[in-house]
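In case you want the letters, here they are:
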Protein chains: 2
Amino acid sequence: MKVYLNGKIVNEDEALIPFMDRGVLFGDGIFETIRLYQGKPFRFDRHLARFNEGCRGLRFSQPPDDRTIENAINELYHINVGEGDAYCRMTLTGGAYDGSKTLKRLAPPNLLIVVTPLEPYPRHFYEKGLRAVVPGIRRNEGSPLSSLKSTNYLNSMIAKQEAADRGADDAILLNNGDFLAEGTASNLFFVSRGLVMTPDPECGLLPGITRETVLELCAKLGLSVEMGFYSTEELLGADEAFLTVSTGEVVPVAVVEGSTIGEVCPGPITLRLSRAYKGLVQKELDI
Amino acid sequence: MKVYLNGKIVNEDEALIPFMDRGVLFGDGIFETIRLYQGKPFRFDRHLARFNEGCRGLRFSQPPDDRTIENAINELYHINVGEGDAYCRMTLTGGAYDGSKTLKRLAPPNLLIVVTPLEPYPRHFYEKGLRAVVPGIRRNEGSPLSSLKSTNYLNSMIAKQEAADRGADDAILLNNGDFLAEGTASNLFFVSRGLVMTPDPECGLLPGITRETVLELCAKLGLSVEMGFYSTEELLGADEAFLTVSTGEVVPVAVVEGSTIGEVCPGPITLRLSRAYKGLVQKELDI
């Protein structure tokens, strides 16, 4: 596999960075994951905007140029993938550590871009819904990091490990105030009392591009949306639930903490949004 | 500078790891910092025990052998430092990323050990106390990560940056329940009503080896200790306050959020504990 590292296309095994990079020592980095449909990144400008926002949030001095990134992604897609859908991750790390434990940086950041064939979620997730747990570990609603896609990602990995340990597919995390926040790499929606509900950004979540797109689709389809502070009980009593994630789109949730959600999975609104999402992608990307 | 990387002593610029290491992509790593007094690490066994606990907590399969680590530290001290006190950081990263976003690991971890001359805290911290702010960003009391020394360290860096932006020396963080937790790389103590007070580990703090040592010294000196859930107001009304940190020992706090703490800084109990700490180090290490 070829990857892009700081301006060059190199073999994966040549993509090395100094151990003394702030990204290695402190998890000081920003990343973005983008789905490419037949080689075309969906909502690329929004992903880039969020990436640049993250860079500003962590005071990276030199966020890379948008066109450089676009060209690198195109080139890697043609080398590594060629046809079909692909997964892209771009990762920017903090650069050489100079003793500062603040966000002050003297060294330039390191940028890696990876494009690989998309490994789709299991088909049965879409046909029957996934099984989720609500783990003990919480999102930190009191940290600006919760709304940045930083490489401080262990919290979600611990949650997903708990899901695996308990025989489930994924985890839906609460914050310290016992309010639902998000999945381990996805945003949460559920349908109740005829409303499409999703946690408020203040619950300690990363507002995803797919979440944003689904909210747009709700408006277009005339579905009423409520953004709020919800308990696990409200989710368990919902008629439908789904997660949104760039690489997987709209993913139905069948079971949470052993309780079946609603009477049928995927529920009718989940299906409608899932189809509308696919339609939007095709239209926007002309594929 | 020479460093230890996976069994070898190499030049710092040869200490490279793959960009696709879980440590780079997700901040999946454990570290430990140890102060060496004239080449001898203080409470080395306790630091190693905590390092190994962290490895178990994050399910690292092969924590490195204790003697290997000890020998590497000794060798690096003699090469890089030679005399006087030194700072040691050992960092273990998660190894090659295989697509798993859980704690399941297929690849061996990467271990880096660095030993450099100690850069002491500014002398005026000890003579007059440091100035701290209580930033908006919170510790996550609902995550086991808060009690592990992981390379997900950005939260503390953001807090310390806020301190720098506001002209202060350091930050003391609250958790989401508005209770005091710890400094950005230190534990908090204060003296009030004749008691030595320190936040309860459930407040979302990393219980440091220096904190542990100071608690031992309190018992030895007959000082009553209370561990609890404290507000910023309780700290502002204290008679004395100090931070504990392996590399800096007992560091007096003079001012918090613009309010002077107590009537004199360092306060009498802070000074007593600071001297007792130095005495204990000399005795234990025979220096």
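Rules used in this analysis
- Residues numbered from 1 in each chain as written.
- Chains lettered and ligands numbered in written order.
- Predicted model: local features only at pLDDT ≥ 70, side-chain atom pairs only at ≥ 80, totals over all residues.
- Heavy atoms only, no water.
- Helix = DSSP H or I, 4+ residues; strand = E, 2+ residues; numbered from the N terminus.
- Buried < 20%, exposed > 50% of the residue type's maximum accessible area, 1.4 Å probe, protein only.
- Contact = heavy atoms within 4.5 Å.
- Lys, Arg positive; Asp, Glu negative; His and termini not counted.
- Salt bridge = Lys/Arg side-chain N within 4 Å of Asp/Glu carboxyl O.
- Polar contact = N/O pair within 3.5 Å; in protein donor to acceptor, adjacent residues only side chain to side chain.
- Expected span 1.5 Å × (residues − 1).
- Arc of directions from axis to C-beta.
- Disulfide = S-S within 2.5 Å.
- Domains from an automatic or database assignment.
- Buried area = accessible area lost by both parts, 1.4 Å probe.
- Pairing = 2+ DSSP bridges.
- Axes fitted to C-alpha atoms, helices over the stretch in contact; angles between N-to-C directions.
- Parallel < 35°, antiparallel > 145°, perpendicular 65-115°, else oblique.
- Nonpolar A, V, L, I, M, F, W, Y, C, P; charged D, E, K, R; others polar.
- Least-squares fit on C-alpha atoms with pLDDT ≥ 70 in both.
- Phe/Tyr/Trp six-rings, centres within 6.5 Å; stacked < 30°, edge-to-face > 60°.
- Lys NZ or Arg CZ within 6 Å of the ring centre and 35° of its normal.
- Core = buried A, V, L, I, M, F, W, Y, C linked by side-chain atoms within 4.5 Å.

**Regarding the environment of Pro 109 of chain A**
All names here are of chain A. On the secondary structure map, Pro 109 appears in the loop between strand 6 (86-93) and strand 7 (110-117). Looking at Pro 109, the relative accessible area reads 15%, which means it is buried. Residues Pro 109 and Thr 232, 123 residues apart in the sequence, show an inter-C-alpha distance of 40 Å. Residues within four places of Pro 109 in sequence aside, it is in contact with Asn 6, Phe 60, Gln 62, Leu 92, Thr 93, Gly 94 and Gly 95.

**Looking at the side chain of Arg 89 of chain B**
Locating Arg 89 of chain B in the fold gives a position in strand 6 (residues 86-93). Despite its burial, Arg 89 of chain B remains without a salt bridge, the nearest opposite charge being carried by Glu 32 of chain B at 9.7 Å. A distance of 2.9 Å separates a polar atom in the side chain of Arg 89 of chain B from a polar atom in the side chain of Thr 91 of chain B. Excluding residues that lie within four positions of it along the chain, Arg 89 of chain B makes contacts with Leu 25 and Phe 26 of chain A together with Phe 31, Glu 32, Thr 33, Leu 112, Ile 113, Val 114 and Thr 151 of chain B.

**Brief notes about helix 3 (residues 66-81) of chain B**
Residues and elements named next belong to chain B. Taking 1.5 Å of rise per residue, 16 residues should cover 22 Å, and helix 3 covers 22 Å from first to last C-alpha, within 8% of that figure. Those residues of helix 3 not exposed but buried are Ile 69, Ala 72, Ile 73, Leu 76, Tyr 77, Asn 80 and Val 81. Down the axis of helix 3, the smallest arc covering the buried residues is 135 degrees, so these residues share one side. Here the buried face of helix 3 lies against strand 1 (2-5), strand 2 (8-11), strand 4 (29-37), helix 2 (44-57), strand 6 and strand 7 (110-117). Two residues or fewer past helix 3, Gly 82 is found with a positive phi of approximately 85 degrees.

**Quick notes on the state of the cysteines**
Residue and element names in this part refer to chain B. Counting across every chain of the model gives 0 disulfides over all chains. The thiol sulfur of Cys 88 is not disulfide-bonded, and the nearest other cysteine sulfur, from Cys 55, lies at 14 Å. Classification of Cys 88 by relative accessible area gives buried; the value is 0%.

**Concerning the domain arrangement of chain A**
All names here are of chain A. Splitting chain A by domain gives domain 1 (2-117) and domain 2 (123-285). Centre-to-centre, using C-alpha coordinates, domain 1 lies 26 Å away from domain 2. Every contact between the two is made by 23 residues of domain 1 and, on the other side, 23 residues of domain 2. When domain 1 packs against domain 2, the two sides together hide about 2,000 Å² of surface, and 57% of this comes from carbon and sulfur.

**What to know about the sheet that holds strand 1 of chain B**
Residue and element names in this part refer to chain B. With respect to topology, 6 strands assemble into an open sheet ordered 2-1-7-6-4-5, the strand pairing being antiparallel. What marks the edges here is a single partner per strand, and that holds for strand 2 and strand 5 (40-41). Pairing geometry for strand 1 and strand 7, over 2 bridges, is antiparallel. Bridging across to strand 7, Leu 5 finds its partner in Leu 112. Sheet strands in contact with helix 3 are strand 1, strand 2, strand 4, strand 6 and strand 7, and its direction is about 35 degrees off that of strand 7.

**Focus: the packing of helix 6 (residues 209-221) of chain B against helix 8 (residues 268-285) of chain B**
Residues and elements named next belong to chain B. Interaxial distance between helix 6 and helix 8 falls to 10 Å at its minimum, and their mutual angle equals 105 degrees. When the axis of helix 6 is compared with that of helix 8, the two are roughly perpendicular. Here Thr 210, Thr 213, Val 214, Leu 217, Cys 218, Lys 220 and Leu 221 of helix 6 lie close against helix 8, whose contacting residues are Arg 272, Leu 273, Ala 276, Tyr 277 and Leu 280. Of the residues that constitute the contact of helix 6 with helix 8, the class distribution is 8 nonpolar, 2 polar and 2 charged.

**Examining the relation of the copies chain B and chain A**
Superposition of chain B onto chain A requires a rotation of 180 degrees combined with a translation of 0.0 Å along the rotation axis, giving an RMSD of 0.0 Å. Seen this way, the second copy is the image of the first under a two-fold rotation axis. Interface residue correspondence from chain B to chain A reaches 100%, placing this contact among same-surface, isologous pairings.

**Observations regarding the sheet that holds strand 6 of chain A**
All names here are of chain A. Sheet architecture is open: 6 strands sit in the order 2-1-7-6-4-5, paired in antiparallel fashion. Each having just a single partner strand, strand 2 (8-11) and strand 5 (40-41) make up the two edges of the open sheet. The pairing of strand 4 (residues 29-37) with strand 6 spans 8 bridges and is antiparallel. Note that in strand 6 the partner of Thr 33 across the bridge is Arg 89. With respect to the sheet, helix 2 (residues 44-57) is in contact with strand 4, strand 5, strand 6 and strand 7, its orientation differing from that of strand 4 by roughly 175 degrees. Each of strand 1 (2-5), strand 2, strand 4, strand 6 and strand 7 touches helix 3 (residues 66-81); the most contacted strand, strand 7, lies at about 35 degrees to it.

**Observations concerning the packing of aromatic side chains**
Summed over all chains, the structure comprises 18 aromatic pairs over all chains. Taken together, a centroid distance of 5.6 Å and an interplanar angle of 80 degrees make the contact between Phe 31 of chain B and Tyr 153 of chain B edge-to-face. Remark: Tyr 153 of chain B occurs in the loop between strand 8 (130-133) and helix 5 (154-165) and Phe 31 of chain B occurs in strand 4; sequence separation between them is 122 residues. Here Phe 31 of chain B and Tyr 153 of chain B have matching classes, each one buried. With a centroid separation of 5.0 Å and an interplanar angle of 5 degrees, the aromatic rings of Phe 189 of chain B and Phe 242 of chain B are classed as stacked. Of this pair, Phe 189 of chain B sits in strand 11 (residues 187-192) while Phe 242 of chain B sits in strand 14 (residues 240-245); the two residues are 53 residues apart in sequence, bridging distant segments of the chain. As far as burial versus exposure is concerned, Phe 189 of chain B and Phe 242 of chain B are alike and both buried. Directly above the ring of Phe 60 of chain A sits Arg 105 of chain A, whose terminal nitrogen or CZ lies 4.1 Å from the centroid.

**A word on the nonpolar core**
Counting 100 residues, the largest nonpolar core has Ile 73, Ile 113 and Val 115 of chain A together with Ile 113 and Val 115 of chain B as its most contacted members. In contact with Ile 73 of chain A, other than residues within four places in its own chain, are Ile 34, Leu 36, Phe 44, Cys 88, Met 90, Ile 113 and Val 115 of chain A.

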